[in-house]
Amino acid sequence: MNAPRRHHFVPRFSLAYFAGADGLVWVYDAETDTPRPSTPDATGFERDFHTVTNEDGARDTTLETMLAGLEGAVAPIYARMVKRELPKGDDRTMMAQFLAIAYVRSKRMRRTYGEGYGQAMQVVLQRMAESKQAFAAALADVEAEQVLNLSDEERETLRHEMGDWSKYRLSVDREFTLGAFGLAGPITPLIHEMRWSLLTSEDGSFVLSDSPLFKSGAGFATSETMVSLPLSPHTMWMGHWRNDLPEHASLTAERVEGFNLMRAAGADRYLYAPREDAALMAFTKQYVKPRPGWKIGDGDASKLAPVDIRRKR
C-alpha cells in the first residue's frame, strides 16, 4: 500500500462543511484576483507536509497516519458541535486535542516556528560575537576538534561576520518545523480547561482560513485570551476564560464580520467559503497579508538575515 502524499493542513471533513450544495468549496487566494472552486479533498493540503525523511531516504508518514486517526475520532463530535451540542467528558478531551493541533499544524505556525528558531540562533551568535572572551572560548573548542585553524586576522573577520547577518539568507528545513507539533502538548489542557461557547448566526457567514484556529491575547493561559474556530458557515466554537459569556449565543452579521476579519488577519494565504463572492475576494486581498517579520529580543533586527523554510526536492 502506498504511503499518503497529500497531507492536509486543514482537515478535509472540516472543509466539507464549507462546501456548497454542489460539494465544492470556494478558495480565496490572496495571491490571485479571482476565487476558484475545489473539492475538500483537493483543498488545504501540501504534498508530504507531515513527512519525515529517514536516514536511508525512506519517507515516514507516521504523523500523517496519527492525524488521520484523530480526525476520524473527532469527526462525529465535530458534527454534533455543528448542531450546537457542546461535548463533555472524553469527547471534550478529544476535541481539545484536535483544537490544539489545529493551531500548531497550520503552514503559518510551522513557518513561525522555523523562522523563530533561525533568528534565535542568529541572536545567540551575535551575543557571542560581542564578547571577545566568549568568542575566543567557543572558537577554541572548534579548533580543538581540528575543524578550523584560523589566523588572528581570520578570527577577527569571523567575529565581525557573526555580529552582522544582514547580507545573508538562512534556510531552515521544512521537516524541522514539525517540532511545532510539540507545542500541542501544553496547549491541549489549557483549551480543555477554558470555558467553551458555541456562537451562531443566521444573518452572517463565518469563513474558514488556512490557519483555522485564531488566538487573541498573549498566551493561552492569560485571562484576556480567546480562541475560536469556525465549524461551519453558521456555527463557531470559542474558548475563553470569561464568566459573563454564555455557552450558546447568537451573533449579528456585524459581529460575524469582526470574527472574519480576525480570521483573515491570521491567515497565511487562503480563505474558504461555500460561495463565489466578489466582495469576499476583495476582503481577502485587503486583509490576508504577510505578517511582520520576527524580532527577537532588543537586538538590532537590521543585522539579522531573513529565514526561509526550505522544502526538500
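Structural data are supplied above this passage.
Residues numbered from 1 in each chain as written. Predicted model: local features only at pLDDT ≥ 70, side-chain atom pairs only at ≥ 80, totals over all residues. Heavy atoms only, no water.

A. Spotlight on the sheet that holds strand β3 (residues 36-38). Ordered by their spatial adjacency, 4 strands build an open sheet running β3-β2-β14-β9, and the pairing between neighbours is antiparallel. In the strand order of this sheet, the two ends are held by β3 and β9 (208-209), each with one partner. One ladder, built from 4 bridges, connects strand β2 (residues 25-29) with strand β14 (residues 270-273); its direction is antiparallel. Residue pairing for β14: valine 27 is matched across the bridge by tyrosine 272. Sitting on the sheet, helix α9 (residues 278-287) is in contact with β2 and β14, with an inclination near 40° to β2. (Pairing = 2+ DSSP bridges. Helix = DSSP H or I, 4+ residues; strand = E, 2+ residues; numbered from the N terminus. Contact = heavy atoms within 4.5 Å. Axes fitted to C-alpha atoms, helices over the stretch in contact; angles between N-to-C directions.)

B. Inspection of the packing of helix α2 (residues 62-82) against helix α3 (residues 89-104) at higher detail. Where α2 contacts α3, the two axes come as close as 9 Å, and the packing angle between them is 115°. Crossing of α2 against α3: the hand is left-handed. Contacts between α2 and α3 involve Leu67, Leu70, Glu71, Ala73, Val74, Ile77, Tyr78, Arg80 and Met81 from the first element and Asp91, Met94, Met95, Gln97, Phe98 and Ile101 from the second. Its residues placed into classes, the contact of α2 with α3 shows 11 nonpolar, 1 polar and 3 charged. (Left-handed = near helix turned anticlockwise from the far one by under 90°. Nonpolar A, V, L, I, M, F, W, Y, C, P; charged D, E, K, R; others polar.)

C. Examining unusual backbone geometry more closely. Although it is not a glycine, aspartate 48 sits at a positive phi angle of roughly 60°. Here aspartate 48 is to be found in the loop between β4 (45-47) and β5 (52-53). In the Ramachandran plot, arginine 84 falls in the positive-phi region, its phi being about 75° despite a non-glycine side chain. As for its position among the elements, arginine 84 is in the loop between α2 and α3.

D. How the structure looks around the pairing of strand β11 (residues 226-232). β11 sits mainly inside the fold: 6 of its 7 residues count as buried. Note that strand β10 (residues 214-216) and β11 share 3 bridges and pair antiparallel. Across the sheet, residue phenylalanine 214 finds its bridge partner in β11, namely serine 228. Sheet topology note: the β11/strand β12 (residues 235-240) ladder contains 6 bridges and is antiparallel. The residue bridging proline 230 from the neighbouring strand is methionine 236, located in β12. (Buried < 20%, exposed > 50% of the residue type's maximum accessible area, 1.4 Å probe, protein only.)

E. How the structure looks around the sheet that holds strand β8 (residues 195-200). Reading across from one edge, β10-β11-β12-β8-β13 is the order of the 5 strands in this open sheet, with mixed pairing throughout. Either end of the sheet is taken by a strand with one partner, and the two such strands are β10 and β13 (248-250). The average undirected angle you get between the axes of adjacent strands in this sheet is 25°. Packed onto the sheet, α2 meets β8, β11 and β12 and runs at close to 90° relative to β11.

F. Spatial organisation of the packing of aromatic side chains. Per the stated rule, a full pass over the model turns up 12 aromatic pairs. Here the aromatic rings of phenylalanine 13 and tyrosine 78 are separated by 4.9 Å at their centres, their planes lie at 90°, and the arrangement is edge-to-face. In this pair, phenylalanine 13 is assigned in helix α1 (residues 12-16) and tyrosine 78 in helix α2, connecting sequence segments 65 residues apart. Summarising the burial analysis for this pair, phenylalanine 13 and tyrosine 78 share the class buried. Seen in terms of ring centroids, tryptophan 196 and tryptophan 237 are 5.4 Å apart; in terms of plane orientation they differ by 85°. Their pairing is edge-to-face. Of this pair, tryptophan 196 sits in strand β8 while tryptophan 237 sits in strand β12, and the two are 41 residues apart along the sequence. Each member of the pair tryptophan 196 and tryptophan 237 is classed as buried. The structure contains a cluster of three or more aromatic residues connected by ring pairs, namely Phe13, Tyr17, Tyr78 and Phe98. Sitting above the plane of the phenylalanine 45 ring, arginine 6 keeps its charged end 4.5 Å from the centroid. The cationic tip of arginine 110 hangs over the ring face of phenylalanine 49; the distance from NZ or CZ to the ring centre is 4.1 Å. (Phe/Tyr/Trp six-rings, centres within 6.5 Å; stacked < 30°, edge-to-face > 60°. Lys NZ or Arg CZ within 6 Å of the ring centre and 35° of its normal.)

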